[in-house]
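The lines below spell out each chain.
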Amino acid sequence: MQYLNAFWVGGMLCVIAQILINKTKLTPARILTTYVVSGVILGGFGVYKPLAEYAGAGATVPLTGFGYLIAKGTKTAIEQLGLMGAFTGGLTATAGGIAAAIFFALLIALIFKPKDKT
Amino acid sequence: MPTRQGRYTLRLDSCPSIVSFAAVVGKKEGEGPLAQEFDIICDDTTMGEKTWEKAESRLQKDAVNRALSKGGLSASEMDFILAGDLLNQCISSTYGLRDLNIPLFGLYGACSTMAESLCLGSIMVDSGAAGHCVCVTSSHFCSAERQFRYPLEYGSQRPPTAQWTVTGSGCAVVAPSCKAPYVRAVTVGKIQDMGITDVNNMGAAMAPAAADTLKTFFMDTGTTPDNYDLILTGDLGQVGSQLVEELLQRESFDISKRHSDCGLLIFDIKEQGVNAGGSGCGCSASVLCSHILNKIQHKELNNVLFLATGALMSPTSLQQGESIPGIAHLVHLSSTSYQDDCTINGH
Amino acid sequence: MSSKLTPDEYSEIAKKAEHKSSTVKDCIMAFLVGGFICTIGEALISLYMRGGMARDVASTLSSITLIFIAALLTGLHAFDNIAKYAGAGTLVPITGFSNSMAAPALDFKSEGFILGLGVKMFSIAGPVIVYGISAGIIYGIIIYLFKLY
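Residue numbers here run from 1 along each chain, matching the order of that chain's written sequence. Here chains are named by letter from A upward and ligands by number from 1 upward, in the order in which they appear as written. Selection of residues for local features in this predicted model requires a pLDDT of at least 70, selection of side-chain atom pairs for listing and counting requires 80 or more, and totals for whole chains, interfaces and linings are taken over all residues. As a convention, hydrogens and water are excluded, and side-chain values are obtained from all of the structure's heavy atoms.

**Concerning the overall build of chain C**
Right, on to step 1. Counting secondary structure elements, chain C contains eight helices and zero strands.
Right, on to step 2. A run of H or I in DSSP becomes a helix once it reaches four residues, and a run of E becomes a strand once it reaches two; helices and strands are each numbered from the N terminus. Mapped from its N terminus to its C terminus, chain C presents α and β elements in the order α-α-α-α-α-α-α-α.
Right, on to step 3. In terms of C-alpha radius of gyration, chain C reaches 21 Å, well past the compact-globule figure of 15 Å for 149 residues.
Right, on to step 4. Considered along the principal axes of its C-alpha atoms, chain C spans approximately 70 × 45 × 40 Å. When we talk radius of gyration, it's over C-alpha atoms, and the globule rule is simply 2.2 Å times the number of residues to the 0.38.

See the structure below:
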């Protein structure tokens, strides 16, 4: 059941983006940015948490989940550190993902060569 | 000498000849419907170079060398080379041609550059300013993607209106009148901007320019589309081709039966996954300098209006929200010269 | 072209000439591929939890795994071919973020490791981090000031 929930919630989040791409001609970078910021807002209002509990990876793997993680981490950090937490919480919570993306991108760029499309 | 005909058309009285021409293309183009026509098909689109920019320079260099060797010409006989491409500061031309030691005019007219260089080269030969002019342009899918769109490995979807930059280069050598194909007249286009901002719909941005230049030419010369075997636009693709026909229909010029587009000829639109068709400086150049000039040479086509179209925007102007201005230059190519006309009429 | 046609009128004509992409088909592909990627994410979480990890840790590690797979597929020139059909299905999951950093890093290596690879790596993903983190900070300041935590 948890797999099914992850599948359809994750799938639906992608469908919303696909509709935005086709109908509004928003560029992918804008879509991604919109999704992350939406995740922060939805997370901040407490709307995303139930979704994340229901769908698991279906809600955390899409980029809205990235935003949700930022909001969640910020809140936790503020509880512990006060105002300082507003600045450390977001990056701390997402550090794993960002660091991994940077490092793997570097690694891949070093190993592989660009190729023409067919 | 060039004489002005109507308002914007130049009649080239001596009818300069295109004495030699060559087209070099990449793998995908070499798998398309015109495969048999090209001089060189490069299965390795890196051309053995380290970067895509160097690869494009190499395309241009190979096209010039092939055109010269086909015509039995040497670089030292050339008076001018008129070259352009799509990359910033026209680096493909500069680096590709730096060893040739021919006086160079670097041109930028986006994808209209092949017609621009042919216009200028023919005018120079017709006016006596030059004996031989080399006209060459190129584009490379990979270097264009990097500059104008996304990195090659980036996962994005191309909308159906988007076009595929041709990897290729075409070169034509213009010389004093001697044999077909002849250049009879040229019309230099004006910038037309109908406010299209969608970078994935260049055909729509360029169609008004093509329509305007064609209309100007017909008015200036007092001819109609039916006087020509072929009206060949550069890279309007499916969308732009439909639009240029519609725009001219509104002006009571029906080009639909005569019109074709290099971007639609070079690829099999259905099979090769190129969406609305080919584009780029190399698109019109490689189609013209193979398929079309061959046919004129063999008198299978007698009167062709070659009309390369360009979208004159940059990534910066687009990000600043500017619309995409278009331009189109026309070259009237023919299997007969004005002198031939006189001879025929005389008998 | 002619003075008779205004940009608005032309825009109407141009719109009619456009071949629309099939939104229904694109959405189905996005749904299936996006759903599939999230399901793999969920399976990885279960796997890591079975190894004794807490759900939060397992979830992060699952994301990192997906980031690695996406970067690898980018290097193997497979990601763009999948994304061509999947659209938002590969874009929206964390895989899209990974690809948006690996692709320019790889492609702009030709301009050097510092100004090419290092700078261009963030050319697409940069705004995601800029606005995501900034939104988080604004949110943090608000909840701190209004004692909403």
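**What about helix α1 (residues 7-17) of chain C?**
In an α-helix, one full turn covers 3.6 residues, which means residues spaced three or four apart are oriented alike.
All names here are of chain C.
Right, on to step 1. Among the residues making up α1, those that are buried are Tyr10, Ile13, Ala14 and Ala17. Within α1, the buried residues cover an arc of 100 degrees as seen down the axis, which keeps them to one side. Across from the buried face of α1, at angles greater than 90 degrees, the exposed residues are Asp8 and Lys16. Exposure categories follow from relative accessible area, calculated using a 1.4 Å probe and restricted to protein chains: below 20% of the type maximum is buried, above 50% is exposed, and the middle band is partly exposed. Taken from the helix axis, the directions to the C-beta atoms give the arc we talk about.

**Considerations on the interface of chain C and chain A**
Right, on to step 1. Taken residue by residue, the interface counts 70 residues in chain C and 68 residues in chain A.
Right, on to step 2. A 1.4 Å probe defines the accessible area here, and the buried area is the portion of it lost by two parts on being joined, summed over both. Carbon and sulfur atoms supply 78% of the area buried between chain C and chain A, which totals about 5700 Å² over both sides.
Right, on to step 3. The largest per-residue losses of area from chain C upon contact with chain A belong to C:Phe31, C:Val92 and C:Tyr139, which jointly make up 12% of the total buried on that side.
Right, on to step 4. Should a side-chain nitrogen of Lys or Arg be within 4 Å of a carboxyl oxygen of Asp or Glu, the pair is scored as a salt bridge. Here chain C and chain A share three salt bridges between them.
Right, on to step 5. Residue C:Asp80 is joined to A:Lys117 by a salt bridge in which the shortest nitrogen-to-oxygen separation is 3.5 Å.
Right, on to step 6. N or O atoms closer than or at 3.5 Å make up a polar contact, with two conditions inside protein: a donor-capable atom paired with an acceptor-capable one, and, for residues adjacent in sequence, both atoms drawn from side chains. The tally of links from chain C across to chain A stands at 11 residue pairs in polar contact (both at pLDDT 80 or more).
Right, on to step 7. Within the residue set of the side of chain C that touches chain A, elements represented by two or more residues are α2 (23-50), α3 (55-75), α4 (79-86), α5 (88-91), α6 (94-107), α7 (113-120) and α8 (122-145) of chain C.
Right, on to step 8. The element best represented in the side of chain C that touches chain A is α2(C), accounting for 17 residues.
Right, on to step 9. Each residue is assigned to one class: nonpolar for Ala, Val, Leu, Ile, Met, Phe, Trp, Tyr, Cys and Pro, charged for Asp, Glu, Lys and Arg, and polar for all the others, Gly among them. When its residues are assigned to classes, the side of chain C that touches chain A shows 45 nonpolar, 17 polar and eight charged. By the convention used here, residues are in contact when the closest approach between their heavy atoms is within 4.5 Å.

**Focus on helix α2 (residues 28-44) of chain A**
Residue and element names in this part refer to chain A.
Right, on to step 1. Over its 17 residues, α2 runs 24 Å from end to end, which matches the ideal 24 Å to within 8%, given 1.5 Å per residue.
Right, on to step 2. Taken residue by residue, α2 has Pro28, Ala29, Ile31, Leu32, Thr33, Tyr35, Val36, Gly39, Val40 and Gly43 as its buried positions.
Right, on to step 3. At the C-terminal side of α2, Gly46 shows a positive phi close to 75 degrees. The span one expects for a helix is its residue count, reduced by one, times 1.5 Å.

**Some thoughts on the interface of chain A and chain B**
Right, on to step 1. In this complex, chain A contributes nine residues to the contact, which on the side of chain B involves 13 residues.
Right, on to step 2. When the two sides are added together, the surface that chain A and chain B hide from each other amounts to roughly 990 Å², 48% of it contributed by carbon and sulfur.
Right, on to step 3. The largest share of the area that chain A buries against chain B comes from A:Pro28, A:Asp116 and A:Lys117, three residues that together contribute 53% of it.
Right, on to step 4. The tally of links from chain A across to chain B stands at one salt bridge.
Right, on to step 5. B:Asp198 is paired through a salt bridge with A:Lys25; the nearest N and O atoms lie 3.1 Å apart.
Right, on to step 6. Of the residues that constitute the side of chain A that touches chain B, the class distribution is two nonpolar, three polar and four charged.

**Thoughts on the UniProt feature "transmembrane region" (unreviewed entry) in chain C**
Residue and element names in this part refer to chain C.
Right, on to step 1. Under the feature "transmembrane region" (unreviewed entry), the UniProt entry names residues 28-49, 61-79 and 124-146.
Right, on to step 2. Structurally, residues 61-79 is divided into 84% helix and 0% strand, and its ends, taken at the C-alpha atoms, are 21 Å apart.
Right, on to step 3. In residues 124-146, helix accounts for 96% and strand for 0%; the two terminal C-alpha atoms are 35 Å from one another. UniProt positions are given in the numbering used here, feature names are shortened, and annotations may be inferred rather than shown by experiment.

**Here's the deal with the UniProt feature "transmembrane region" (unreviewed entry) in chain A**
Residue and element names in this part refer to chain A.
Right, on to step 1. Here, the residues flagged by UniProt with the feature "transmembrane region" (unreviewed entry) are residues 6-22, 29-48 and 83-112.
Right, on to step 2. Along residues 6-22, the helical share is 100% and the strand share 0%, with 24 Å between the first and last C-alpha atoms.
Right, on to step 3. Counting secondary structure, residues 83-112 comes out at 93% helix and 0% strand; the distance between its end C-alpha atoms is 44 Å.

**Looking at the confidence of the model for chain C**
Right, on to step 1. For chain C, the average pLDDT comes to 95, and 98% of its residues sit at 70 or higher.
Right, on to step 2. Reported confidences for the modelled complex are a pTM of 0.95 and an ipTM of 0.95. Each residue carries a pLDDT score, the predictor's confidence in it, ranging from 0 to 100.

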